[in-house]
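# Commentary on secondary and tertiary structure
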Amino acid sequence: MKYVIGIGGVTNGGKTTLTNRLIKSLPNCCVVHQDDFFKKPDQIEVGEDGFRQWDVITALDMDAMVNTIRGWSENPVKFAHSHGVNVSPSTEVADPDQQIHILIVEGFLLYNYKPLMDVYNKCYYISIPYEECKRRRSTRQYTVPDPPGLFEGHVWPMYLKHRNEMVESLHFAIAYLDGLKSEEGIYSQVYEDIQNTLLNRL
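Quick summary incoming for the structure in this document. (Residues numbered from 1 in each chain as written. Predicted model: local features only at pLDDT ≥ 70, side-chain atom pairs only at ≥ 80, totals over all residues. Heavy atoms only, no water.)

What follows concerns the pattern of salt bridges. By the definition in use, this model includes 6 salt bridges. The salt bridge involving Glu132 is made with Arg135; its shortest N-O contact spans 2.7 Å. Remark: Arg135 and Glu132 occur in helix H4 (residues 130–139); sequence separation between them is 3 residues, near one turn of the helix. Several salt bridges share partner residues, and in doing so they unite Glu132, Arg135 and Arg136 into one network. (Salt bridge = Lys/Arg side-chain N within 4 Å of Asp/Glu carboxyl O. Helix = DSSP H or I, 4+ residues; strand = E, 2+ residues; numbered from the N terminus.)

Here it is in structure tokens:
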């Protein structure tokens, strides 16, 4: 059984922290990080707001991301081995229908791209308020540093825009998570939810 989990939400909301906890505790679990598919800086357009448009879908090579997810779907065992993920020995010999292979897709624009809409079995979305998001963002070190005014002039407005678009176009359920909760609290909530869902599918 193949199971794809989406972990989306606002920048600096705790997506990667949650993902890293889950991949250590879920069986045969691989991950695809949307941030790994950013285009090179010189390919990022400058928008009317005067900033490079990092927080839009065109800043990402989404074709490559979709192909990566498709590669996992076609052969999760081979994908796991090629990404250094240990596969439980029992899954290589057991009834294929009972094998559990999990893929976590993590990123800030997971639910705004139509070719990915039908990929997920379970979707989560982490939110935090403006001031907390700005505070966390200011403590992060990025490969391309944020220029002054980027957060309030581009990052946050794009987050609100894409969240509204997501809500208006959704045809599947999303579990919303409060990013102000403790890391342990969010992890426990999601882990238990996934475990219950997997048990019901077996």
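Sheet faces and side chains relate simply in a regular strand, where the side chains alternate between the two faces. Most of strand S4 (residues 122–127) sits out of view: 5 of its 6 residues are buried. In terms of strand pairing, strand S1 (residues 2–9) meets S4 through 5 bridges, oriented parallel. Note that in S4 the partner of Gly8 across the bridge is Tyr125. Relative to strand S5 (residues 175–178), S4 runs parallel, the two sharing 4 bridges. Across the sheet, Ile126 pairs through a bridge with Leu177, a residue of S5. (Buried < 20%, exposed > 50% of the residue type's maximum accessible area, 1.4 Å probe, protein only. Pairing = 2+ DSSP bridges.)

Here we come to the packing of H4 against helix H5 (residues 150–169). For the pair H4 and H5, the least separation of the axes is 12 Å and the interaxial angle reads 115°. Crossing angle aside, the handedness with which H4 passes H5 is right-handed. On the side of H4, the interface is formed by Tyr130, Cys133, Lys134 and Arg137, while H5 contributes Leu150, Phe151, Glu152, Val155 and Trp156. Across the contact of H4 with H5, the residue classes break down as 6 nonpolar, no polar and 3 charged. (Axes fitted to C-alpha atoms, helices over the stretch in contact; angles between N-to-C directions. Left-handed = near helix turned anticlockwise from the far one by under 90°. Contact = heavy atoms within 4.5 Å. Nonpolar A, V, L, I, M, F, W, Y, C, P; charged D, E, K, R; others polar.)

This part takes up the packing of aromatic side chains. What the rule picks out here adds up to 10 aromatic pairs. On the basis of an interplanar angle of 65° and a centroid distance of 5.9 Å, the ring pair of Tyr125 and Tyr176 is categorised as edge-to-face. Of the two residues, Tyr125 sits in strand S4 while Tyr176 sits in strand S5, which places them 51 residues apart along the sequence. Residue classification places Tyr176 among the partly exposed residues on the basis of a relative accessible area of 40%. Plain terms: the ring middles of Phe151 and Trp156 are 5.9 Å apart, the flat faces sit at 40° to each other, and that makes the pair tilted. Judged by its relative accessible area of 6%, Phe151 is buried. Feature note: the residues Tyr111, Tyr120, Tyr125 and Tyr176 constitute an aromatic cluster, connected by ring pairs. The lysine or arginine in question, Arg21, covers the ring of Tyr187, its NZ or CZ lying 4.0 Å from the ring centre. (Phe/Tyr/Trp six-rings, centres within 6.5 Å; stacked < 30°, edge-to-face > 60°. Lys NZ or Arg CZ within 6 Å of the ring centre and 35° of its normal.)

Moving on, we get to helix H6 (residues 183–201). Helix length check: H6, at 19 residues, gives a terminal C-alpha distance of 27 Å against a target of 27 Å (1.5 Å per residue), a fit within 8%. Within H6, the full set of buried residues consists of Ile186, Tyr187, Val190, Ile194, Thr197 and Leu198. In a view along the axis of H6, the buried residues occupy a sector of 110°, so they form one face of it. Facing away from the buried side of H6 by more than 90 degrees, the exposed set consists of Leu199 and Asn200. Structurally, H6 contributes buried residues whose contacts are with S1, helix H1 (15–25), strand S3 (101–106), S4 and S5. (Expected span 1.5 Å × (residues − 1). Arc of directions from axis to C-beta.)

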